[in-house]
Amino acid sequence: MSFDQFNFHEDLMEGLEMMGFKDPTPIQNKSIPIILDGKDLIACAQTGTGKTAAFVLPTLSNIAKSDNKKISALILAPTRELVLQIDQQIEGFSYFTNASSMAIYGGGDGMAWSQQKKAIEKGVDIIVATPGRLIALMNTVSEYFSELKYLILDEADRMLDMGFADDILRIVNQIPKKRQTIMFSATMPPKIRQFAKQLQNDPEEVAIAISKPAAGISQKAFMTY
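Please read all numbers here as calculations on a predicted model, not as lab measurements.

Student: Summarise the nonpolar core; cite the residues concerned and give the values.
Tutor: Ranked by internal contacts, the top residues of the largest apolar core, which has 39 residues, are Phe8 and Ile86. The element contributing the most residues to this core is helix α3 (residues 51-64), with seven residues. In this structure Phe8 touches Phe3, Met13, Leu16, Ile32, Leu36, Leu57, Pro58, Ser61 and Lys65, once residues within four positions along its chain are discounted. Ranked by size, the runner-up nonpolar core spans 35 residues in total, among them Ile104, Met183, Ile192 and Phe195.

Structure follows, in structure tokens:
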């Protein structure tokens, strides 16, 4: 199987070829068609399986095919580090589609707040954010999310463990009800399924080797004294 099967936007497909991306990983192979079909998805996959590209690539392709002038996609992640990591991948892939993204997270100064607010007001295509910082910004710029088409939660299980459930629900109440909602999680405990019911509409499910580390990743423990 190759990326050709997905019928991505031609500019994105050209970019993938130039970057040497040929064959999708198992999580990409199973998730991308569902996302491109516009269905809600709850997917379980370990770190290192290519899950970020599994939701970034179809989202970029959909955005490239649309003429939406406001924010199209919102990606929520539990930490600043993951937000930056996702945003960096978007920047790499979006170079060929001219889609724009902005990382929004706390801990910065007043200038960072101002830059993030201006990015939202100018109509950036994709927002990647931690829930707490986004809530603070949405108090003044919620109208810019009126045409949002895609809501993506990465590491959903970790966000619930960190107590972000209420924050996520507050954000969901300020974005369109008619949207595609995608959830990626490393584990699938009952609380994730219950939470998904509050956000999603008849989601498809995908699970890839949830009981073991991704192939190629070596896990070691060292005792220190």
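Now that the structure is up, let's keep going.
Student: Summarise the pattern of salt bridges; cite the residues concerned and give the values.
Tutor: All chains considered together, the criterion is met by six salt bridges. Here Asp154 ties to Lys51 by a salt bridge, and the two come within 2.8 Å at their closest N and O atoms. Within this pair, whereas Asp154 is found in the loop between β5 (150-153) and α7 (156-161), its partner Lys51 is found in helix α3, the two being separated by 103 residues in sequence.

Student: Describe the packing of aromatic side chains, listing the residues and the values that go with them.
Tutor: Enumeration according to the criterion identifies six aromatic pairs in this entry. Both rings, one in Phe21 and one in Phe93, keep their centres 5.4 Å apart while their planes meet at 65 degrees; by these two values the pair is edge-to-face. Linking Phe21 in the loop between α1 (10-18) and α2 (26-36) with Phe93 in helix α4 (residues 80-94), this pair joins segments that are 72 residues apart in sequence. Judged by its relative accessible area of 5%, Phe93 falls in the buried class. A connected cluster of aromatic rings, assembled from ring pairs, spans Phe3, Phe6 and Phe8.

Student: If you had to explain unusual backbone geometry to someone new, which residues and values would you point to?
Tutor: With a phi angle near 55 degrees, Asn7 is a residue other than glycine that sits in the positive phi range. For Glu155, which is not glycine, the phi torsion reads 55 degrees and is therefore positive. In this structure, Glu155 sits in the loop between β5 and α7.

Student: Give me the side chain of Thr97: which residues, what numbers.
Tutor: By secondary structure assignment, the location of Thr97 is in the loop between α4 and β3 (101-104). Exposure remark for Thr97: the relative accessible area of 13% places this residue in the buried category. Setting aside its immediate chain neighbours within four residues, Thr97 contacts Leu12, Leu60 and Ala64.

Student: Account for the sheet that holds β5, naming residues and giving values.
Tutor: Spatial strand order, β3-β4-β2-β5-β6-β1-β7: seven strands in an open sheet with parallel pairing. At either end of the open sheet lies a strand with only one pairing partner, and these are β3 and β7 (204-208). Neighbour-to-neighbour, the strand axes of this sheet turn through a mean angle of 15 degrees, independent of strand direction. Along the sheet, α2 contacts β1 (41-45), β6 (180-185) and β7; its crossing angle with β7, the most-contacted strand, is approximately 170 degrees.

Definitions and cut-offs
Residues numbered from 1 in each chain as written. Predicted model: local features only at pLDDT ≥ 70, side-chain atom pairs only at ≥ 80, totals over all residues. Heavy atoms only, no water. Core = buried A, V, L, I, M, F, W, Y, C linked by side-chain atoms within 4.5 Å. Buried < 20%, exposed > 50% of the residue type's maximum accessible area, 1.4 Å probe, protein only. Helix = DSSP H or I, 4+ residues; strand = E, 2+ residues; numbered from the N terminus. Contact = heavy atoms within 4.5 Å. Salt bridge = Lys/Arg side-chain N within 4 Å of Asp/Glu carboxyl O. Phe/Tyr/Trp six-rings, centres within 6.5 Å; stacked < 30°, edge-to-face > 60°. Pairing = 2+ DSSP bridges. Axes fitted to C-alpha atoms, helices over the stretch in contact; angles between N-to-C directions.

The values reported here are purely geometric and, on their own, carry no functional implication.
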